[in-house]
Amino acid sequence: MKKLFLSLAVLASGLFLAQAQPPMGGFQMPQVGNVNFDPYVAAPEGFDVERSGIAHGTLELVEYKSTTVGTVRKATVYLPPKFDAAKKYPVLYLLHGIGGDEREWLQGVPNVILDNLIADGKAVDMIIVMPNGRAQENDRAEGNVYATAPAFANFEFDLLKDLIPFIEGKYNVYPDKMHRAIAGLSMGGGQSLNFGLAHMDVFAFVGGFSSAPNTNTPEVLVPDPEKTKAENALLWMVCGSKDGLMYNSSRLKAYCDEKGVPCTLIEYPDGVHDFVVWKYGLFNFAQKIFK
Ligand code: FER
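Residues numbered from 1 in each chain as written. Predicted model: local features only at pLDDT ≥ 70, side-chain atom pairs only at ≥ 80, totals over all residues. Heavy atoms only, no water.

Caption draft 1: Just the site of the ligand, in detail. Around the ligand, the neighbouring residues are Gly97, Ile98, Tyr146, Ser186, Met187, Ala212, Pro213, Leu245 and His273. In the model, an oxygen atom of the ligand is placed 2.8 Å from a nitrogen or oxygen of the Ile98 main chain. Between an oxygen atom of the ligand and a side-chain N or O atom of Ser186, the distance comes to 2.8 Å. Considering the ligand on its own, with 370 Å² of exposed area, one finds that the protein chains cover 81% of that surface. (Near = heavy atom within 4 Å. Polar contact = N/O pair within 3.5 Å; in protein donor to acceptor, adjacent residues only side chain to side chain. Areas by Shrake-Rupley, 256 points an atom, 1.4 Å probe, with all protein chains shown as cover.)

Right under this line is the structure:
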């Protein structure tokens, strides 16, 4: 009896220790065992290289009044090749990371990637809106950007109440969930999962690339698996195998698998936290939306 008690006590303290390890520093990650990653297929060479002899889209900077922040805010907008104001388009909202702003995604040449996909018939014509996801008065990536995490959460209200109505007033776009997608990199990936899965009446297609620690837990993201199954059309993620933030994606993938919610997570081989992974994310996600 004594022996049994002792071994139970040892087992219990072992479990306690395993659970109670505090995260030390930014990049110690909780382990998630047995994640079924989806197959990685490399993007074809040249997917991100500007081609001559095809039609090109255009980039423009727009400004909108934010009642949420009380300022005029900026967004970069990609209009597809041969943009025609008389035609209706779907819209992808594409969000940046903690060190970025409305111009950060330009490093990932989204215009080139989409021009090429559209020329090859692999993506439909779409508008891409790249906003500033730091919804506070000074939204420049200055000083300690980690301290601006609450402004990334506040962007939910700027997006829903200010930006989307502005975009839908300025451009001839379809105003329904099957024609709205949201995706982003790192902090923007967390925002996309948080906002996209909380507002499945607004966004049918949701993507998270190397999602950051602002990502809600799976239980918060998918509180009602049957509802998510019925209302979400795409939940797609990628993260580098060498990215310390993988747990944000892998724990959601494991949870969705367990609950039978369709969800993709690709582990980018030897991928780190950079635009190699994020360009790959956009290349793949853009082919799966609005279809
Ligand atoms: C953190 C580590 C990384 C964090 C945010 C990030 C808010 C975001 C990284 C990025 O956007 O590139 O602990 O906490």
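Caption draft 2: Local environment of the packing of helix H3 (residues 149–170) against helix H4 (residues 187–198). Where H3 contacts H4, the two axes come as close as 10 Å, and the packing angle between them is 45 degrees. In terms of their interaxial angle, H3 and H4 are classed as oblique. In the crossing of H3 with H4, the sense of the turn from one axis to the other is right-handed. Contact residues: Ala149, Phe152, Ala153, Phe155, Glu156 and Leu159 in H3; Met187, Gln191 and Phe195 in H4. Looking at the contact of H3 with H4, its residues break down into 7 nonpolar, 1 polar and 1 charged. (Axes fitted to C-alpha atoms, helices over the stretch in contact; angles between N-to-C directions. Helix = DSSP H or I, 4+ residues; strand = E, 2+ residues; numbered from the N terminus. Parallel < 35°, antiparallel > 145°, perpendicular 65-115°, else oblique. Left-handed = near helix turned anticlockwise from the far one by under 90°. Contact = heavy atoms within 4.5 Å. Nonpolar A, V, L, I, M, F, W, Y, C, P; charged D, E, K, R; others polar.)

Caption draft 3: Inspection of the sheet that holds strand E3 (residues 91–95) at higher detail. In spatial order, the strands read E1-E2-E4-E3-E5-E6-E7-E8; together these 8 strands make up an open sheet with mixed pairing. Looking at strand neighbours, the two that pair on one side only are strand E1 (58–66) and strand E8 (264–268), the edges of this open sheet. Sheet twist, expressed as the average angle between the axes of neighbouring strands with direction ignored, equals 20 degrees. Where strand E5 (residues 180–185) lies against strand E6 (residues 205–209), 5 bridges are found, and the strand directions are parallel. Bridging across to E6, Ile182 finds its partner in Val206. Set on the sheet, helix H2 (residues 110–119) makes contact with E1, strand E2 (71–79), E3 and strand E4 (127–131); between it and E2 the angle comes to about 35 degrees. In this fold H3 packs onto E1, E2, E3, E4 and E5, with an angle of close to 120 degrees to the strand it touches most, E1. (Pairing = 2+ DSSP bridges.)

Caption draft 4: Inspection of the packing of H2 against helix H8 (residues 275–288) at higher detail. At a closest axis distance of 10 Å, the pairing of H2 and H8 adopts a crossing angle of 35 degrees. For H2 against H8, the interelement crossing comes out right-handed. Within the contact between the two elements, H2 uses Pro110, Ile113, Leu114 and Leu117 and H8 uses Lys279, Leu282, Phe283, Ala286 and Gln287. Its residues assigned to classes, the contact of H2 with H8 shows 7 nonpolar, 1 polar and 1 charged.

Caption draft 5: Broad picture of the pairing of E2. Of all the 9 residues making up E2, 7 are buried; the element is thus mostly covered by neighbouring parts of the structure. Between E1 and the antiparallel strand that follows it, E2, lie 4 residues; Gly70 among them carries a positive phi value of about 80 degrees. As paired elements, E2 and E4 share 4 bridges and run antiparallel to each other. Its bridge partner lying in E4, Ala75 is registered against Pro131. (Buried < 20%, exposed > 50% of the residue type's maximum accessible area, 1.4 Å probe, protein only.)

Taken by themselves, the reported measurements are silent on function.
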